[in-house]
Every structure is written in C-alpha cells, then in structure tokens.
Amino acid sequence: MKKKFLALLLALAMTLALAACGGGGAAGTIKIGGIGPLTGSTAQYGIATDEGAKIAIEEINALGGLQFELNGQDDEADGEKGVNAYNNLMDWGMQILYGCTTSGSCAAVAAESFGDRVFQLTPSASSTTVTEGHDNVFQLCFTDPNQGRTAADFIKNNGLAQKVAVIYNNSDDYSTGIYQGFKAQAETVGLEIVSTTTFPEDTTTDFSAQITDAYNNGAEMIFLPIYYTPASNILIQASQKGYDFTYFGCDGLDGILTLEGFDTSLAEGVYVLTPFDTASDAALRFIEKYKAATGSEPNQFAADGYDCMYALYAACQKAGVTADMTADQVCEALIPVFTDPGFSVDGLTGSGMQWGTNGEVSKDPLIVQITNGVYVSQ
Amino acid sequence: MMTFLTYLVSGVSLGSVYAIIALGYTMVYGIAKMLNFAHGDVIMVGAYISFCTTSYLHLPAWLSVVFAVAVCTALGVVIEGLAYKPLRQAGSLAVLITAIGVSYFLQNAAQLIWTSNTKVFTSVVGLPSVRLFGGRLTITGETIVTVLACLLIMAGLTFFTGGTKLGKAMRACSEDKAAAQLMGINVNATISMTFAIGSALAAVAGVLLCSSYNTLIPTAGAMPGIKAFTAAVFGGIGSIPGALLGGLLLGIIEIFASAYLSSELSLAIVFGVLIVVLLVKPSGLLGRYVPEKV
Amino acid sequence: MNRLRTMKPAARQNLISYTLVTAAYLVIRLLQGQGMLSRSIQGQLVPICCYIVMALSLNLVVGISGELSLGHAGFMSVGAFSGVAAAVSLESGGVGSPAVRLVAAMAVGAVLAAAAGFIVGVPALRLQGDYLAIVTLAFGQIIVNILQCVYLGVDAGGLHFNFLDAELHMEGGVSIISGPKGTVSVTKIASFTAGFLLILVALAVVQNLVNSRAGRAIMATRDNRIATASVGINSTKYRLMAFVVAAALAGAAGALYGLNYSSVAPSKFDYNTSILVLVFVVLGGLGNMWGSIVAAAFLTALPETPAMRGLADYRMLVYAVVLILVMLGTNNPSVQSFLNGKLRRKKRRKEGAVK
C-alpha cells in the first residue's frame, strides 16, 4: 500500500514540475526578479519592498519608454529558499535581480548572481557581506556598520546623551552589525555605553530585564538598532514602568508610526536615522498610492523598493539596456553606469544617491525626530 | 533588592502567561496523548479575534474576550474533527505531523486574512498599574489579571477534572480509552470536549499574552507555544499544578537568566536548566512516575 | 537473476536500494547532460541529498530505535559549521583539491556531530518518550543560541576563536563564522555527486546497522525494553549507538549543506528544520528507508515547483493542506481500506478477465 502511495506522490510531483513550465512576459519588457520574505515572521518587510517596487513599475511603464515586469518570489528570509527562488527566476528568464530584502538570504544569493553575472540591486540587505567581493551587487540602503557609526557621531556631536544603553537582537545580523559599528565609534568619540542587553526573538518578548538594566545603570538614552515591531514593545513596556528615556533608532525603526493600533504619542521625541523623508511632495504622492494599493501605510522598506526601480530605470536608460539583452549583457552594461561618478539618482530615500565600486550607496543620512506624530529633520 | 523584586514581578508575569498556555497543552496531552503543535497558533488566532473586535467593531474589551473564546473553541473542535479524529487509531507521530500541518495552515491563513503587518494590541485590561515602595516597583494591571486568571483557571480545571462527571470521564479516557468506552463513556465526544476547553484556554492566553507584550503577527504564537510546551513538560506533562509551576518557573528563569547571567545566552540557559531538571526528575517536577510493566 | 533469488532477503533489499539510488542518480545526470533539467531543479539537487541523509539518519532514531527526537537539525548545524571551518582552513592552508576539502569537511562534521550526539545522548537517553523529545528540542535551541555567539576566523597563524565578541585579532586572514550571520563567504564546493555518494554511505550504514546483531537489539529494545533487558541486552548502549550514528550522518549532511551555500545562518538549524525532517520520516513511514528518501525529495521539491511558486501568497497554505491530506490519506484506516478495496476490486476484475 505504502509503495503505491509513494508512486502516486512521485507522479503528482512530476505533473506539478511539468505543469507550469514556460510562461513569460510581453515582448520588449525587461524582466526583473524580486526576492524577499512573503511568508513567515519577517513577511511584512518583504511584502513592503515588493509592493513599493510594484508602484514604481506601474509609474515607469506608464511613461511609455522602457517597460519593466516584476516577478516577486518568496524566500522566507532563508538562504536556501532564497537560492531556490533565484534559480526559479533564472528559469523564468530574469534579466535583473532586485533583492533580497533580508541580509542573510541576500548573502547566499549574491554568491550565485556573482557567478552567473546577473546585476543585483538590494533595497534593504544592509550587511557588508552582501557586497563584499561581488562587483555586481549594489545596495540602496546604508550598510550596518555605517549606520552605527553615524548614530554614535550624531549622539555625541549634538550632546543628546552622555550615558547610552543599547538593546539589540543578537540572533539578527542586521541588528548585531549596527551594534558593532556603534560600539566601535562610541569608543572612539568617547560616548559611554552603560548597558548592553540583547533579546532573541522579535515578537511578544518581555523586555523588563533589558529596560531595567538600562535604567539602573543611569542611561539617559537607549539606542535601538532593531526593527520597529520589537521597538514598539520596548516603548510600551518602558512607559508602563514609568521610565522616561530618549530613544535613538536606525532605518529598521522607520515604520513605527505606521503600526496599526500603536499609540504614537509613545514615540514622541524618538530619533530615527532613516533615509525616508516622509514630508517631501514625492513621498506624499507615494504614500497615497501605496495606501490605495495595499490599504496600509508604507515604511522605509517600501520606499527603498520604490527607489530601487527608479535607480534601475535610470541606469537602464543610460546604459541603453534593451529587452532582448541577456542577463549578463545587462549586468556588464549596468555595472559601469552604477559606479560612474556622474550617475546619481534622486529618490524618496535620498537625493544624489551614488554608488562606489564596493556596491555601497553614498547618500546623506537623514536624522529625524518624531514631533507631534511626524518626522522633523534634525 | 528592588531590582530583584522588579525582575521577579516580570518573571511571574511572563511565567503566568506561559502557565495558561501550558495548562491548555497539558489538558490536551493528558487526555488525547498528543502533542498539539498547533496550540500556539490557536493562541495567535484568539489574539487576532480580540484585536479585530475591539479595533474594527469597537466592542468593549470583555466582549472581545468572549468572542475570542467562542471562535477558538469552535476552531479547536473543527480542527480536532477534521484533522485529528480520523487519525485516532494511527500512531501518535502521525497526529503530531498533522498538527504541524495545521500549525502551518493557521499561520499562513492568518497572514492572508490579517496581512503580515504588525498589529499593536491594545490591552484589554482596564486596571491601572500598582506602584509600590514610592514608585520604585511597578506591577502592571496586566500582571495582576494574568496571575489571577492563571490561578482561577487552575482551580477551575482541578475542580472540573476532579469533581464533575465530564471531568471524570476525561480522566477515565486518559487512563484507558478502551476501558472507558466499555464503561459507557463516549470517548470521541470527550476528546472533542477536551479540545474545546484547551482552545478556549488558548484564546484567553492569547488575549493576555498580547495584552502584556503588545505586538501581534501571524507567527506570534509559535515561540510562546514551544516555550509553554517546554513548561508543561518541565512541570510534568498531564499534571495541572505541574503546568502552573512549570510555566512560572520558566518565566522567572528566563527573566533572571537575561538579567543576571547573559541576555545573549538566555535561551541556552533556560533550556539548559530544563535539561538538568529533567535528568534529575525524569518525569518533570510534579509528573507522576509510571512504572513500566511487562 | 537466480543469485538474486537465493540471496538473503535483507541483502537482496540492500542491493535493490543501492541499484535504485544509483539509477536515479544516473538518470538525473543524463538529463542534466542533455540540458533537460531546469535551473530550479539543478539548484535543489544538493539540498535534497542533504535532506535525504537527514531523513535516513533520523529514521534510524525515530523509526528503528523508537525515540522521538526534535533536535536533529542541531547535529546538522554542528556538522555544517565545523565542516565549513575545516574546508576553509584547509583552503587557506593550501589544499587545492575541492574533493579532498569536501571529504575532509564531511569527515570532520561527522566526527564532531557524533561527539555532540554522544554528549547529548548519554544523559538524554535515560529519558523516554516526550521527555526525550523535549530534551532534544532544548538541545537544538541551545546549539543555535550558542552558534549565534561564535566568531571564528583563520589567518597565517591558525584559527582564531572568540565568543560573544566579534574582534578576532587576525592579521589579514578570512572570517569563517561570524555570529548571527553564520558562515560567511564560503567557497561552494558541494556537488551532487558527493551528495549521491553520501546517500549511498548513509544507506549502507543504516541498513547494515539494522540488519546486524546491534540492529536487532535496538529494535528489540524499541518493541519491549524490559523483555530485552531481561535477556541481558544493554539497551542503553544500543540506543546510544543508534543515536550517535544518526548524529554522525546528520553532521556529514550538514557539512555538505554548509558548503553548498556561501552563507548559512545558525537560525537555519532551529526546531523548524528538525520538525521538517521529522515530517519526511513520518510521511515516508517509520523504519521505511525508501519512504524517507522519496518523502524527503518530494516534500523539498514540492514548494519549489513552478506551479507552487506561481501560487505566490497561497503557496505555503497549499503546502500545509497537502501535508495534512497526505497524512490523513496514508494513516486513516477508512481512507486506506477504501483505497485498498478499490484496488482489490480492480485486481479481481483483471484476474476475472484473464480467466
């Protein structure tokens, strides 16, 4: 019986494998493959980058020039699934790779795209391992250590605090990466870190040990190099305990005001190092479109995705990329354009974005303080 | 000293949430002899239902809890009927895998229904925080309610399984299903009833979990579920006071480990303590030792 | 053919297993040579081999020895991280041949995972049933937590290790393991052929163990511990043997897996992966090695098929439904008897037609 069933399974597997071969986009369209977590515990970030990019593509295609088609695939924020998604997209005929959303998966995929010579632009994988040794991989976001350094400098130079506590997620390389950059720079500029605590999981966590430790060590400010979901928990739990800290977060914290059900008054006075200036006209238009399309507020991930498409669009136009080029032709055409000092892109997450040969973006970091529920540039 | 008390209060608060989840686990395990891996996800569904009824329908908090309990009870019975009942004769591992399938199903269905965006749960507890020692020690209303709920549920379950006819039927099923059937007990109905109670407890646990630790996403139940399962085994699985004790200890150890030892290694410490305890007391703290017979 | 018939049933079964695995390998190689395999399938060959070995080894614990283990991925992680460390060290030590490095990595991974299996097994195997399950689950979580704090690099002066602190004090050199990032910038040297050979080795080890004196003792212990003990068999010793062998195989699979990706994070090896492998084993049938192989290959490839990928948001939901239905279909007596009845009737009709 068991054998028969297994045979049945095999047959089913083969049918499924054969069923959806083929497909493909319209003629004259550049195929962009997207990878990010669309399911699992980090799905909200992957879906945001996917949706943000879709809005940009709609606009770009409406211009009537180069046409883009985006195929977003799920990687569950896992390297193995990321490589699977990548191979799947290669079968689909991907010409440019947009992704991955998370650093861990991106590091595994970048090695593949480097070997195949596929141009890769990631909206939000900020680890340096993503670009290291890969001339074809570019980032639209700041790198982790860079954010940590900028944050430490800003806190010191503006005299925001003398004693700082750090709470970071030690199972997450993004968070750990920023923390390490922050710690090194804090030592250099003489900023005192009085308490360093970690947590392992992003949801429904009890932070009392971490918050109390910061309080007992006399911290005036807590540096939060973490995503906005656990950060919102920290803000709520600290306020319940009656502690009054100043908070400073990085781009992962951007989105805290968009949380459904969150009392934004708790975020009053929080500093965020984010590239996404929500007050600009372009941003307001984007926010409106995003809300109409998805029913929720966009965060910085969505804006990164949006900017990625425009960066690719500008570069493709400049490099003369056409839809009939192969992926490696596109790659070799785009690399010199991206690294050209004369090439710069203005977007929602920064104006005059330029890229170095190491794949890292250079743009001015924007530090905002939340005042009356909106970002105010500092 | 004050710091120690602060940590202790946090530990008790976290532990009592684990305890409520563990009580549900232990109930189901005790009677159906299966590890219901989907229990954590029923918690998540309960929290979402409560969130929706308060945020979208603007119903009062107590009514949202009633709704959550009702939906989860129904969900528990449906899951049991569709996925577990057909496997009653199969091995326990087959049911375990089905439970894992149900867990995946609930997580992904929740993502499709409520999206993956984090929802910040507004506490259903109206009680204000109590500040002691001139404000240096804060006990939140959520902590008080969770601890009370935990004790109440434990007392209720103890009375129910010990004193009522249905409860006795459950214990009979737990001891020997075939013999229980011969005594005229409807085993299937009893097991369905157990799932209904376990899921109702899960709904309460979900609401209290998210009232204390406010963020809610479709995978929010997974880790608390695993930890509560650990707590149930820690206390001696199948034992109602054991689940309470296991949950409380797990919460306190977790907070103390990250406060006094190393927050980086807090998980390793929690699970390490668990291993040591199980090696010393192989059937958990309050578990019954069942001698093997030939 | 005659010799095949006169062989012992166990030996015959072994031979058939090796032949079928080899045939599958050759067919895939042939299709690959003809360019008939999509990138997607080719990319999954190595991880599928790893999962098959994982399933075979876990089947030894769960199916043959009868212990529920929820931390098998922990041994995989030990193998992956130590294997990668070995391969990178050899590379920086000037060993050029990828094959040598790969074999050495798998050997190191197997040995260290076996050691971990021994350390966990000695105390844990005093427990039984769900208590053993929870201890293995706890072990799996502990190892992931610890690996997230490990920093390891290699330079001309040798290996540099640090715990909790990223600073390695290296002069030049390369980073191998970097905390929560896991392994970084690994040269990918895993190959499908190596995976195939590892499956053969795993099959040989498992089947020979099962059909040996030790294997019979293990199964006797599973079926009745007290009766086995009463005839003078040291049951703990044999259970430990199965556990350690399984850990070693998982370690080798882990090393192969780790060398197939340029970067693998420790969180990959949490309880979700352990449970995934358990699903393969139970779905394939406890103690049924063939079932493990087919189930591991099928369930790994299923969510990656273009049809499933095309479902986008609904993909994992459909996967969950398929999993539940398959479990109900293979284990529910009424569904089985329904299928059996149908098949028997068909058979009878056929027989009738011949007459």
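Structure: above.
Let us look at the structure shown here.

Cut-off values and rules
- Residues numbered from 1 in each chain as written.
- Chains lettered and ligands numbered in written order.
- Predicted model: local features only at pLDDT ≥ 70, side-chain atom pairs only at ≥ 80, totals over all residues.
- Heavy atoms only, no water.
- Patch = residues over 30% accessible without salt bridge, like charges linked within 9 Å, V, L, I, M, F, W, Y side chains within 5 Å.
- Areas by Shrake-Rupley, 256 points an atom, 1.4 Å probe, with all protein chains shown as cover.
- Salt bridge = Lys/Arg side-chain N within 4 Å of Asp/Glu carboxyl O.
- Helix = DSSP H or I, 4+ residues; strand = E, 2+ residues; numbered from the N terminus.
- Buried < 20%, exposed > 50% of the residue type's maximum accessible area, 1.4 Å probe, protein only.
- Contact = heavy atoms within 4.5 Å.
- Buried area = accessible area lost by both parts, 1.4 Å probe.
- Polar contact = N/O pair within 3.5 Å; in protein donor to acceptor, adjacent residues only side chain to side chain.
- Axes fitted to C-alpha atoms, helices over the stretch in contact; angles between N-to-C directions.
- Parallel < 35°, antiparallel > 145°, perpendicular 65-115°, else oblique.
- Nonpolar A, V, L, I, M, F, W, Y, C, P; charged D, E, K, R; others polar.
- Pairing = 2+ DSSP bridges.
- Expected span 1.5 Å × (residues − 1).
- Arc of directions from axis to C-beta.

All names here are of chain B. On the surface, a nonpolar cluster with roughly 470 Å² of combined accessible area is contributed by Met1, Phe4, Tyr260 and Leu261. Mapped onto the elements, Leu261 comes out in helix α10 (residues 240-261). For Leu261, a relative accessible area of 62% puts it in the exposed group.

With 42 residues of chain C at the contact, the number on the chain A side is 44 residues. Between chain C and chain A the total buried area reaches about 3,800 Å² when both faces are included, carbon and sulfur atoms providing 58% of it. Together, Arg39(C), Phe298(C) and Arg309(C) form the three largest contributors to the area buried by chain C at its contact with chain A, with a combined 18%. In this assembly, chain C and chain A are joined by six salt bridges. For Asp74(A), the salt bridge goes to Arg315(C), with nearest N and O atoms at 3.2 Å. At the junction of chain C with chain A, the criterion picks out 18 residue pairs in polar contact (both at pLDDT 80 or more).

Another point: the side chain of Gln147(A). Residues and elements named next belong to chain A. Structurally, Gln147 can be placed in helix α6 (residues 144-157). Among the residues examined, Gln147 registers a relative accessible area of 1% and is labelled buried. Apart from residues lying up to four places away in sequence, Gln147 is in contact with Phe142, Tyr174, Ile178, Cys250, Asp251 and Leu273.

Let us look at the packing of helix α1 (residues 2-32) of chain B against helix α9 (residues 222-235) of chain B. Residue and element names in this part refer to chain B. Their axes nearest at 8 Å, the elements α1 and α9 cross at an angle of 70°. Classified by the interaxial angle, the pair formed by α1 and α9 is roughly perpendicular. Within the contact between the two elements, α1 uses Tyr18, Ile21, Ala22, Tyr25 and Thr26 and α9 uses Pro224, Gly225, Lys227, Ala228, Phe229, Ala231 and Ala232. Counted by class, the contact of α1 with α9 contains nine nonpolar, two polar and one charged residues.

Take the sheet that holds strand β8 (residues 221-224) of chain A next. Residue and element names in this part refer to chain A. Spatial strand order, β7-β6-β8-β9-β10-β14-β15: seven strands in an open sheet with mixed pairing. The sheet is open, and its two borders are formed by β7 (192-199) and β15 (374-377), each paired with just one other strand. For this sheet the average axis-to-axis angle between neighbouring strands, irrespective of direction, equals 25°. Relative to β8, strand β6 (residues 163-169) is paired through three bridges, and the arrangement is parallel.

Our next topic: helix α10 (residues 281-294) of chain A. Residue and element names in this part refer to chain A. Over its 14 residues, α10 extends 20 Å from the first C-alpha to the last, a length consistent with the 20 Å expected when each residue adds 1.5 Å. Here α10 has its buried residues at Ala283, Phe286, Ile287 and Tyr290. The buried residues of α10 occupy an angular sector of 105° when the element is viewed end-on, so they sit on one face. Residues of α10 that are exposed and angled more than 90 degrees away from the buried face: Asp281, Arg285, Glu288 and Ala292.

What follows deals with the pattern of salt bridges. Where side chains of opposite charge bring their charged atoms close, a pairing between them can arise. A full pass over the atoms with the stated rule returns 22 salt bridges over all chains. Asp50(A) is the salt-bridge partner of Lys54(A), the closest N and O atoms lying 3.4 Å from each other. Placement of both Lys54(A) and Asp50(A) in helix α2 (residues 43-63) is noted, with a separation of four residues, approximately one turn of the helix. Look at Asp50(A) and you get buried, because its relative accessible area is 12%. Here Arg309(C) ties to Glu304(C) by a salt bridge, and the two come within 2.7 Å at their closest N and O atoms. Within the structure, one salt-bridge network assembled from shared partners comprises Asp74(A), Glu76(A), Lys81(A), Glu304(C), Arg309(C) and Arg315(C).

What follows concerns the side chain of Ser40(C). Structurally, Ser40(C) is set in helix α3 (residues 39-64). With near-sequence residues (within four places) excluded, Ser40(C) lies in contact with Asn87(A), Asn88(A), Asp91(A) and Glu304(C).

Okay, the interface of chain B and chain C next. Interface extent is often summarised as the accessible area lost during association of the parts. On the side of chain C, 44 residues touch chain B, which itself brings 47 residues to the contact. Buried area between chain B and chain C, both sides added, is near 4,000 Å², and the carbon and sulfur share of it is 79%. It is Ile97(B), Tyr104(B) and Leu279(B) that lose the most area in chain B upon contact with chain C, and together they represent 15% of the buried surface on that side. Inspection of the chain B/chain C interface yields zero salt bridges. At the boundary of chain B with chain C, the tally comes to six residue pairs in polar contact (both at pLDDT 80 or more). Of all elements in the fold, only α3 (61-84), α4 (92-114), α9 and α11 (266-280) of chain B reach the threshold of two or more residues within the side of chain B that touches chain C.

These results come straight from atomic positions and should not be treated as a statement about function.
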